[in-house]
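Breakdown of the fold
Chain residues, written in single-letter form:
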Amino acid sequence: MKPNIEAERDAKAGTITMDEIWIQGGRRLQGRVACGGSKNATLPVLAAAMLAPGRYTLTNVPDLMDVATMAKMLGQFGITSERPEKNTLLIDTRNQRNAEAPYELVKTMRASIYVLGPLLARYGEARVSLPGGCAWGPRPVDLHIKGMEALGAEIEIDHGYIVARAPHGLRGGAISFDISSVGATGNILMAAATAAGRTTIENAACEPEIEALARFLLSMGAEIEGIGTPRLVVNGVPDLHPADAPMIPDRIEAGTLLVASAITGGDVEVTGVDPTHLGAVLNKLEAAGSSLETSDTTVRLRAPERPEPINVTTKPYPGFPTDMQAQFMALLSVAKGASTIVDTIYHDRFTHVAELERLGADIRVEGNTAFVQGVEGLSGAPVMATDLRASAALILAGLVAGGETRVSRVYHLDRGYERLEAKLASLGAVVRRVRP
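Only a predicted model underlies this, so the values are computations on that prediction, with no experimental measurement involved.

1. Description of the pairing of strand E13 (residues 231–235)
- Of all 5 residues in E13, 4 are buried, a share of seventy percent or more.
- By the bridge criterion, 5 bridges tie strand E11 (residues 198–202) to E13 in an arrangement that is antiparallel. Residue pairing across strands places Ile201 opposite Leu232, the latter belonging to E13.
- Where strand E12 (residues 223–225) lies against E13, 3 bridges are found, and the strand directions are antiparallel. Counterpart to Glu223 in the pairing with E13 is Asn235.

2. Notes on the sheet that holds strand E1 (residues 20–24)
- Ordered by their spatial adjacency, 4 strands build an open sheet running E22-E23-E1-E24, and the pairing between neighbours is mixed. Edge positions in the open sheet fall to strand E22 (382–384) and strand E24 (430–434), since each of these has one partner strand only. Looking at each pair of strands side by side, their axes are set apart by 20° on average, direction ignored.
- Across 3 bridges, E22 lies against strand E23 (residues 404–408) in parallel orientation. Looking at the pairing, Val383 lines up with Val407 of E23.
- Along the sheet, helix H13 (residues 388–400) makes contact with E1, E22 and E23, crossing E1 at roughly 25°.

3. Let's talk about the packing of aromatic side chains
- Within this structure, the stated rule accounts for 2 aromatic pairs.
- Its end group placed over the ring of Phe371, Arg364 keeps NZ or CZ at 4.5 Å from the ring centre.

4. Some details on the environment of Tyr123
- Relative to the elements of secondary structure, Tyr123 occurs in helix H5 (residues 116–123).
- Along the sequence, Tyr123 and Pro167 sit 44 residues apart, while their C-alpha atoms lie 8.9 Å from each other.
- Residues within four places of Tyr123 in sequence aside, it is in contact with Gln96, Arg97 and Asn98.
- Separated by 3.5 Å, the side chain of Tyr123 and the backbone nitrogen of Arg97 make a polar contact.

5. Notes on the sheet that holds strand E8 (residues 154–158)
- The strand order across the open sheet formed by 4 strands is E6-E7-E9-E8, and the pairing between neighbours is mixed. Since the sheet does not close on itself, it has two edges, and those belong to strand E6 (100–101) and E8, each with one partner.
- Note that E6 and strand E7 (residues 125–129) share 2 bridges and pair parallel. Considered in E7, the bridge of Glu100 is made with Arg127.

6. Observations concerning unusual backbone geometry
- Tyr317 connects to Pro318 through a cis peptide bond whose omega is 15°.
- Here Pro318 shows up in the loop between strand E18 (311–314) and helix H11 (325–332).
- In this structure, Arg409 takes a positive phi of about 60° despite not being glycine.

7. Describing H5
- Taken together, the buried positions of H5 are Leu116, Gly117, Pro118, Leu119 and Leu120.
- Against helix H2 (39–48), E7, helix H6 (142–150), strand E9 (161–165) and helix H7 (182–192) lie the buried residues of H5.
- Looking one or two residues beyond H5, the residue adopting positive phi is Gly124, at roughly 80°.

8. Points about the side chain of Gln325
- You can see Gln325 is positioned in helix H11.
- Taking relative accessible area as the criterion, Gln325 reaches 1% and is therefore assigned buried.
- If we ignore the near neighbours within four places in the chain, the residues touching Gln325 are Thr314, Phe320, Ile341, Asp343, Arg349, Phe350 and His352.

9. Re the pairing of E23
- Relative to E23, E1 runs antiparallel, the two being bridged by 4 bridges. Bridged to Ile21 within E23 is Val407.
- Regarding topology, H13 serves as the crossover connection from E22 to the parallel E23, and that connection is right-handed.

10. Details of the confidence of the model for the chain
- Mean pLDDT over the chain stands at 93; residues scoring 70 or higher make up 94%.
- Throughout residues 1–15 the model reports pLDDT below 50, and contacts reaching past four residues in sequence, or to other chains, amount to 28 contacts.
- For residues 133–138, every residue scores under 50 in pLDDT, and the model assigns this stretch 24 contacts once sequence neighbours within four places are set aside.

11. Some details on the packing of H6 against H7
- The geometry of H6 relative to H7 is characterised by a closest axis approach of 9 Å and an angle of 25° between their N-to-C directions. Looking at the two axes, H6 sits roughly parallel to H7. Note that H6 runs across H7; the crossing there is right-handed. Where H6 approaches H7, its residues Leu143, His144, Gly147 and Met148 are matched on the opposing element by Gly183, Ala184, Asn187, Ile188 and Ala191.
- Along the lines of polarity and charge, the residues of the contact of H6 with H7 split into 5 nonpolar, 4 polar and no charged.

Criteria and cut-off values
Residues numbered from 1 in each chain as written. Predicted model: local features only at pLDDT ≥ 70, side-chain atom pairs only at ≥ 80, totals over all residues. Heavy atoms only, no water. Buried < 20%, exposed > 50% of the residue type's maximum accessible area, 1.4 Å probe, protein only. Helix = DSSP H or I, 4+ residues; strand = E, 2+ residues; numbered from the N terminus. Pairing = 2+ DSSP bridges. Axes fitted to C-alpha atoms, helices over the stretch in contact; angles between N-to-C directions. Contact = heavy atoms within 4.5 Å. Phe/Tyr/Trp six-rings, centres within 6.5 Å; stacked < 30°, edge-to-face > 60°. Lys NZ or Arg CZ within 6 Å of the ring centre and 35° of its normal. Polar contact = N/O pair within 3.5 Å; in protein donor to acceptor, adjacent residues only side chain to side chain. Right-handed = clockwise from strand over helix to strand, strands pointing away. pLDDT = per-residue confidence, 0-100. Parallel < 35°, antiparallel > 145°, perpendicular 65-115°, else oblique. Left-handed = near helix turned anticlockwise from the far one by under 90°. Nonpolar A, V, L, I, M, F, W, Y, C, P; charged D, E, K, R; others polar.

Shown next, in the form of structure tokens:
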């Protein structure tokens, strides 16, 4: 297990609360629950606001630690933000200035690197700390750097900082990714929006969050072709203008809530979702024995007493998302047979395995493959979250485990789920947040 040392230090310093989630398992979930806005769409949109001075109104914005961290990051550049309503965020970039993106903030959230492209585009120079975030595995920033270099930037790494300069401005270029990268695609889209000339991005990420960013840039005056496809073409424009936008639904939260229904043999309708973003997840839930009903904005899942075993392989969108891998591992740990999970995106994203085993799961890991032998039941125990999605997986396992499960280090959970415990409780789960 790889502890998040920096988060632990922050917790001891009092900047992260050391809450726990306590679950009394064995309750079948049923009812209706609303899905919130997408964290992974909100963060790049917030960064994109740096491209043009003015006021922005963003709606359906989740109230999450990562969003608060990004807002604090923007504050380093003179950008103000406020929430007049719970899920509305007002951004004012009129007093924006260039500054350093410091390690103290970037270390807590890898998405902070999204400010690199807008800073380069707006000011011709940027100094951004190398990112941090979840404990599992490296996510190299090479693709971000190579993309900016293709747009004419000069980049060096100086004592843990990316120092980028484009003294003559960014210019269009041709970029072809060896591997599809959501973060790098988004960063280059923002940088290219006002770069001189045409930029092409081959093997671009097709995730809904990238499509949402591209459409937000369009509303700001950008010219982008091929949205939603692996080939994006950006015709740079001299200037952009502020725009307002609703955030898309969080497909990972929606998937997590549906797995909560599936793992408890429940009957749950999740509202405020876009089922077209959930195709691979819904297909696997059906394969595991659940029945599904969808409308334009809802998904209802009715589950059997125990899921059927299935095989899962994570792939870039529209394939099965790596951010649902841990939740499905929890589900398949109580399946009626043997399942296999292969993570082709992040080969070492299995730190939750040891904690699921503490609850009685039978899992064996070889390389980037987990072999899951379903058991008839799990047993509650104290467990420790190792990253954001692992937190959710352990809570899901606790829902079906006999007795009490106590999940510690849920500051990871708060980065990406808005009051998940309250939403589960509204469906009949016996779950509460405790501050020891």
